[in-house]
Amino acid sequence: MEKGFLLLETAVTGFLLVTASLLCFSYGMLNRQRAESEVSHAAVYLAREQMARIEANAVFYRGYTGDIPWLGDRGPDIKNLNGREYEVETTMRGAEEGAGLREVTVCVSWNGAGDKREEKFRKLVDCGG
């Protein structure tokens, strides 16, 4: 009778160990996904801030084509937002849709998970015509 109990105890202990290791693994995966989501949200925030500042001053960009420096409050080099370094590159060029329209592209890049990642945002801005 004792042999059966030893087998049962071993099976239950093995099941508990496998369950605990799977829980730890899934917690680590969820934590990494949360961190990447925070970084991606910060990139969207920076791009929206840059786009909003360009739209607020659109008349100053009438006929302009080229690069636009970072216009936000954090200075030209954006460092340590959510513990990451971000780089914002903005270009403006004429749009084919109309004379007063400019196509604005904001590229936000950062280093994450061993490689460089980036998000690009494009929008047509009416600079007057």
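Look up: the structure comes first, before these words.
Nothing here was measured: the structure is a model prediction, and the numbers come from that model.

A. Summary view of the pattern of salt bridges. In this structure the tally under the stated criterion is six salt bridges. Measuring nitrogen to oxygen at the nearest pair gives 3.1 Å for the salt bridge that ties Glu55 to Lys123. Of this pair, Glu55 sits in helix H1 (residues 2-56) while Lys123 sits in strand S5 (residues 115-126); the two residues are 68 residues apart in sequence, bridging distant segments of the chain. A relative accessible area of 35% means that Glu55 is categorised as partly exposed. In this structure, the salt-bridge partner of Arg117 is Asp115, at a minimum N-O distance of 3.4 Å. On the basis of relative accessibility, which here comes to 30%, the residue Arg117 falls in the partly exposed class.

B. Quick peek at the packing of aromatic side chains. Overall, the coordinates contain two aromatic pairs when judged by the stated rule. Ring geometry for Tyr86 against Trp110: centres 6.0 Å apart, planes inclined by 50°, an arrangement best described as tilted. Of this pair, Tyr86 sits in strand S3 (residues 84-94) while Trp110 sits in strand S4 (residues 101-112); the two residues are 24 residues apart in sequence, bridging distant segments of the chain. For the residue pair Tyr86 and Trp110, the accessibility class agrees, reading buried in each case.

C. Local environment of a negative patch on the surface. Residues Asp67, Glu87, Glu89 and Glu118 make up a contiguous surface patch of negative charge. As for its placement among the helices and strands, Glu118 is situated in strand S5. Overall, the relative accessible area of 48% leaves Glu118 in the partly exposed class.

D. Structural context of the nonpolar core. Membership of the largest hydrophobic core comes to 21 residues, with the highest contact counts inside it found for Leu46, Tyr86, Val104, Val106 and Val108. At the level of elements, H1, S3 and S4 are the ones that each hand at least two residues to this core. It is H1 that contributes the most residues to this core, seven residues altogether. If near-sequence neighbours (up to four positions away) are discounted, Val106 is found in contact with Ala47, Gln50, Met51, Val88, Glu89, Thr90, Glu119, Lys120 and Phe121.

E. The environment of Tyr86, seen in detail. Classification of Tyr86 by relative accessible area gives buried; the value is 5%. For Tyr86 and Leu46, which are 40 residues apart along the polypeptide, the C-alpha to C-alpha distance reads 9.0 Å. At 3.4 Å, the side chain of Tyr86 forms a polar contact with the backbone oxygen of Val39.

Definitions and limits used
Residue numbers restart at each chain and count upward from 1, following the sequence in its written direction. Local features are withheld for residues below a pLDDT of 70 in this predicted model, meaning they are given only at 70 or higher, and side-chain atom pairs are given and counted only at 80 or more; totals for whole chains, interfaces and linings count all residues. As a rule here, side-chain values cover all heavy atoms of the structure and leave hydrogens and water aside. Salt-bridge detection follows one rule: a side-chain nitrogen of Lys or Arg within 4 Å of a carboxyl oxygen of Asp or Glu. The secondary structure listing takes helices from DSSP runs of H or I that are at least 4 residues long and strands from runs of E that are at least 2 residues long, numbered from the N terminus. Buried, partly exposed and exposed residues are distinguished by accessible area as a fraction of the type maximum, computed with a 1.4 Å probe on protein chains only: under 20%, between the cut-offs, and over 50%, respectively. For this analysis, a ring pair means two rings from Phe, Tyr or Trp (six-membered ring only for Trp) whose centres lie within 6.5 Å, classed as stacked if their planes differ by under 30 degrees, edge-to-face if by over 60, and tilted for the remaining angles. Patches in this entry comprise residues that are over 30% relatively accessible and not in a salt bridge; like charges within 9 Å are linked, as are nonpolar side chains (Val, Leu, Ile, Met, Phe, Trp, Tyr) within 5 Å. Each accessible area value is a Shrake-Rupley result obtained with a 1.4 Å probe; residue values ignore everything except the protein chains displayed when judging cover. Note on charges: Lys and Arg go in the positive column, Asp and Glu in the negative column, and His and the chain ends are not counted at all. Charge placement uses NZ in Lys and CZ in Arg. For Asp and Glu, CG and CD serve respectively. For this analysis, a nonpolar core means a set of buried residues of the types Ala, Val, Leu, Ile, Met, Phe, Trp, Tyr and Cys, connected via side-chain atoms within 4.5 Å. Whether two residues are in contact is decided by their heavy atoms: any pair within 4.5 Å suffices. Whenever a nitrogen or oxygen atom comes within 3.5 Å of another N or O atom, the pair is scored as a polar contact, on the condition that within protein one atom can donate a hydrogen and the other can accept it, and that pairs from neighbouring residues in sequence are kept only if both atoms are in side chains.

Geometric values such as these leave the question of function open.
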